[in-house]
Amino acid sequence: MIQYVIDGGRPLIGTVLTGGSKNALLPILAATILYGGPCEIHRAPHLSDVENLLETLRYLGAKTHFCGDVITVDTTSLNRYDLPAEYTGRCRASISFLAPLLLRFGRCSVAYPGGCAIGARPINYHLEALRALGNFRITENGCGVEVQGTFTGGSYSMPYPSVGATECALMAACFSPMPCRIEGGALEPEVEDLAGFLNACGGRISFVKGIWQSEPAPFYLHDQTLRYTVIPDRIEAGTFALAIAATRGEGRILGCNPAQMQGVIRLLRATGAEVVSGQDVLLVRGRNRRLRGCDLVMAYPYPAFPTDLQAPACAFLSTCYGKSAVLDTVFPMRYAHVSELGKMGARIALAKAPGGEPYISILGGQLRGGRGESTDLRAGAALLIAGLCGKGRSVVTDRGFVARGYEAICEKFRGLGGRIWENRIY
Ligand code: UD1
């Protein structure tokens with residue numbers, strides 16, 4: 001258990017550096033199986049989710065090494081195709097192993113994935129994608145899924161642009177003997193980054209007129225080292241942008257890609273914060289400004305406002321003058337932070353739209369120090385932002401969720417002048 005102790009009420013001022021994207025890195029780690037040789041992945045953040053996937057790769061027979069921000073993975077000697085719940089239960093992204101294991105072994109057995117409790121997270125689209133792109137026998141046994149067969153190529157029209165299922169489909173498509181088409185897939189930059197990695201492995205994936213396509217490419221084991229650098233973490237950068245504005249500070253976020261952050265930039269500007277974007281830097285100014293709430297912030301698939309910044313945005317909007325409303329269409333039950341933010345002075349509640357769907361209603365005001373419990377990764381980030389805003393001491397308890405997705409978050413906030421420390425409670 002970790003306890004974040006925060007003395008809040010001070011504006012965050014200064015410069016912070018963005019790390020590599022967790023959500024890009026995790027499927028890429030699974031996809032190293034499709035290279036079947038030594039891979040060097042650069043700009044890798046030290047996160048517990050990353051450690052979990054490296055442990056999983058070692059269980060499967062791969063060799064891994066993590067030094068500085070470079071991960072080396074060699075999957076040449078992979079020798080297992082089963083993933084028990086002991087490995088998959090810790091991290092949702094473990095479902096990314098499905099297609100790579102199938103390609104290497106023609107069969108796999110993967111227990112259902114775990115991950116943050118942010119609502120139902122089924123894998124039906126992943127399995128539909130496999131059925132559409134191959135000739136597989138799929139058996140679900142209540143604990144996981146067993147799949148056996150071969151990739152044939154084909155088309156899959158996705159009923160919803162699920163990030164994980166699109167990634168599964170791309171991995172299934174890239175070494176198929178026949179062309180593949182994936183319509184209605186996700187467009188998130190992390191999906192594009194995976195496609196870039198798959199092409200570096202020898203795949204022939206392209207994105208034309210809204211459709212992911214792949215031409216047949218041969219799969220073989222490589223002996224030359226493949227070097228790949230993951231994209232910056234737009235969610236980490238967005239969290240810092242919201243934290244700076246929420247504390248009415250002024251800061252530069254370096255090493256990010258503002259072109260991939262339009263949803264959060266639009267929100268910040270709509271409240272009256274000043275945002276200046278360069279090629280790889282974002283400047284956020286909230287100092288001495290009276291920021292106002294937003295009528296309706298809707299989390300939708302990319303390029304709209306991201307669900308992963310919905311909770312941090314709630315913390316920010318709780319400091320903005322007037323009313324705001326927030327609706328998450330991606331994970332409609334991702335609302336556990338609402339009651340916890342309330343313990344830190346936020347005037348925030350769940351409400352029902354005329355159609356019956358739940359949304360978050362916020363009346364901005366002053367936050368104060370309080371005690372909250374982080375219930376998932378992004379809810380944890382929201383509470384840290386609230387703690388940094390509220391005058392007085394806050395204590396946020398956390399069962400390791402924050403470390404799943406934010407590297408050195410206390411050091412980074414302290415670099416901006418935040419007073420925040422972490423204690424490990426055993
Ligand atoms: C990924 C991200 C996560 C982010 C989410 C949405 C990683 C490791 N995680 O998660 O941080 O919040 O995208 O941007 O990249 N769904 C189904 N059936 C499926 C798959 C998904 O019904 O087979 C539903 C989910 O319940 C959810 C919605 O689709 O309501 C979006 O899920 P999805 O895009 O798949 O998210 P993940 O890939 O799990």
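If you're wondering where the values come from, they're calculated on a predicted model, not measured in any experiment. (Residues numbered from 1 in each chain as written. Predicted model: local features only at pLDDT ≥ 70, side-chain atom pairs only at ≥ 80, totals over all residues. Heavy atoms only, no water.)

What about the overall build of the chain?
Reasoning step 1: Per the secondary structure count, the chain includes 14 helices and 24 strands.
Reasoning step 2: Referenced to the eigenvectors of the C-alpha coordinate spread, the extents of the chain come out at roughly 60 × 50 × 40 Å.
Reasoning step 3: By sequence separation, contacts in the chain at least 24 residues apart represent 72% of the contacts at least 6 residues apart.
Reasoning step 4: Of the roughly 16,600 Å² of accessible surface on the chain, 51% is carried by carbon and sulfur atoms.
Reasoning step 5: Considering the chain, the positive charge centre built from 43 side chains and the negative charge centre built from 36 side chains are found 7 Å apart. (Helix = DSSP H or I, 4+ residues; strand = E, 2+ residues; numbered from the N terminus. Contact = heavy atoms within 4.5 Å. Areas by Shrake-Rupley, 256 points an atom, 1.4 Å probe, with all protein chains shown as cover. Lys, Arg positive; Asp, Glu negative; His and termini not counted. Charge placed at Lys NZ, Arg CZ, Asp CG, Glu CD.)

Some remarks on the site of the ligand
Reasoning step 1: In the vicinity of the ligand lie 18 residues, with N124, S162, V163, D308 and V330 positioned nearest.
Reasoning step 2: Within the side chain of R92, an N or O atom sits 3.1 Å from an oxygen atom of the ligand.
Reasoning step 3: The protein chains hide 87% of the 750 Å² of surface that the ligand would expose on its own.
Reasoning step 4: The set of elements that each furnish at least two residues to the shell around the ligand consists of α5 (124–133) and α6 (163–173).
Reasoning step 5: When its residues are assigned to classes, the shell around the ligand shows 8 nonpolar, 6 polar and 4 charged.
Reasoning step 6: There are two domains that each give the shell around the ligand at least three residues, and those are domain 1 (2–19 + 232–424) and domain 2 (22–229). (Near = heavy atom within 4 Å. Polar contact = N/O pair within 3.5 Å; in protein donor to acceptor, adjacent residues only side chain to side chain. Nonpolar A, V, L, I, M, F, W, Y, C, P; charged D, E, K, R; others polar. Domains from an automatic or database assignment.)

Comments concerning the sheet that holds strand β23 (residues 392–398)
Reasoning step 1: Strands sit in the order β22-β23-β1-β24 across an open sheet of 4 strands; the sheet is mixed. Each edge of the sheet is formed by a strand with only one pairing partner; in this case those strands are β22 (371–374) and β24 (419–424). Direction aside, the axes of adjacent strands within the sheet are offset by 20° on average.
Reasoning step 2: Helix α12 (residues 377–389) rests against β1 (2–8), β22, β23 and β24 of the sheet, and its axis sits at about 30° to β1. (Pairing = 2+ DSSP bridges. Axes fitted to C-alpha atoms, helices over the stretch in contact; angles between N-to-C directions.)

With respect to the pairing of β1
Reasoning step 1: With 6 of its 7 residues buried, β1 lies for the most part within the structure.
Reasoning step 2: As defined by bridge partners, β1 adjoins β24 across 6 bridges and the pair is classed as antiparallel. Bridge pairing links Y4 to E422 in β24. (Buried < 20%, exposed > 50% of the residue type's maximum accessible area, 1.4 Å probe, protein only.)

Describing the domain arrangement of the chain
Reasoning step 1: You can read the domains of the chain as domain 1 (2–19 + 232–424) and domain 2 (22–229).
Reasoning step 2: One C-alpha centre belongs to domain 1, the other to domain 2; they are set 30 Å apart.
Reasoning step 3: Counting residues at the interface gives 23 residues for domain 1, matched by 24 residues for domain 2.
Reasoning step 4: Taking both partners together, domain 1 and domain 2 bury about 1,900 Å²; carbon and sulfur atoms supply 54% of that area.
Reasoning step 5: For the interface between domain 1 and domain 2, the tally reads 2 salt bridges.
Reasoning step 6: D49 serves as the salt-bridge partner of R404, at 3.1 Å between the closest nitrogen and oxygen.
Reasoning step 7: Linking domain 1 with domain 2 are 9 residue pairs in polar contact (both at pLDDT 80 or more), by the criterion used here.
Reasoning step 8: Looking at the side of domain 1 that touches domain 2 element by element, the count peaks at 3 residues for helix α13 (residues 402–405).
Reasoning step 9: Each residue belonging to the side of domain 1 that touches domain 2 can be placed in one class, and the counts come to 10 nonpolar, 5 polar and 8 charged. (Buried area = accessible area lost by both parts, 1.4 Å probe. Salt bridge = Lys/Arg side-chain N within 4 Å of Asp/Glu carboxyl O.)

Examining empty space enclosed by the protein
Reasoning step 1: A complete count under the given rule lists 3 cavities of 30 Å³ or more for this structure.
Reasoning step 2: The calculated volume of the largest cavity comes to roughly 60 Å³.
Reasoning step 3: Lining of the largest cavity is provided by R234, Q260, M261, Q262, G263, V264, Y302, P303, A304, P306 and L309.
Reasoning step 4: At 3 residues, helix α9 (residues 262–271) tops the list of elements feeding residues into the lining of the largest cavity.
Reasoning step 5: Of the volumes computed, that of the second largest cavity is approximately 50 Å³.
Reasoning step 6: Lining the second largest cavity are G19, G20, K22, P45, L47, D233, E236, G405, Y406, E407 and K412.
Reasoning step 7: Looking at side-chain class alone, the lining of the second largest cavity contains 3 nonpolar, 3 polar and 5 charged residues.
Reasoning step 8: Each of domain 1 (2–19 + 232–424) and domain 2 (22–229) contributes no fewer than three residues to the lining of the second largest cavity. (1 Å grid on protein atoms, 1.4 Å probe; cavity = no way out; pocket = protein on both sides within 12 Å on 5 of 7 lines; lining within 4 Å. Points joined across faces, edges and corners; volume = space filled by probe spheres on them.)

Some thoughts on the layout of surface pockets
Reasoning step 1: Counted as a void, the second largest pocket has a volume near 270 Å³.
Reasoning step 2: In terms of lining residues, the second largest pocket is bounded by 14 residues, among which A246, R248, Q366, L367 and C389 are the most central.
Reasoning step 3: For the lining of the second largest pocket, the per-class residue count stands at 5 nonpolar, 6 polar and 3 charged.

With respect to the pattern of salt bridges
Reasoning step 1: Throughout the structure, instances matching the rule amount to 16 salt bridges.
Reasoning step 2: The salt bridge partner of D49 is K22, with a shortest N-O separation of 3.7 Å. Taken together, the positions of D49 in helix α2 (residues 48–59) and K22 in helix α1 (residues 22–31) put the pair 27 residues apart, joining distant regions of the chain.
Reasoning step 3: Taking relative accessible area as the criterion, D49 reaches 4% and is therefore assigned buried.
Reasoning step 4: Classification of K22 by relative accessible area gives buried; the value is 8%.
Reasoning step 5: One network of salt bridges, in which partners are shared, links E250, E274, R285 and R289.

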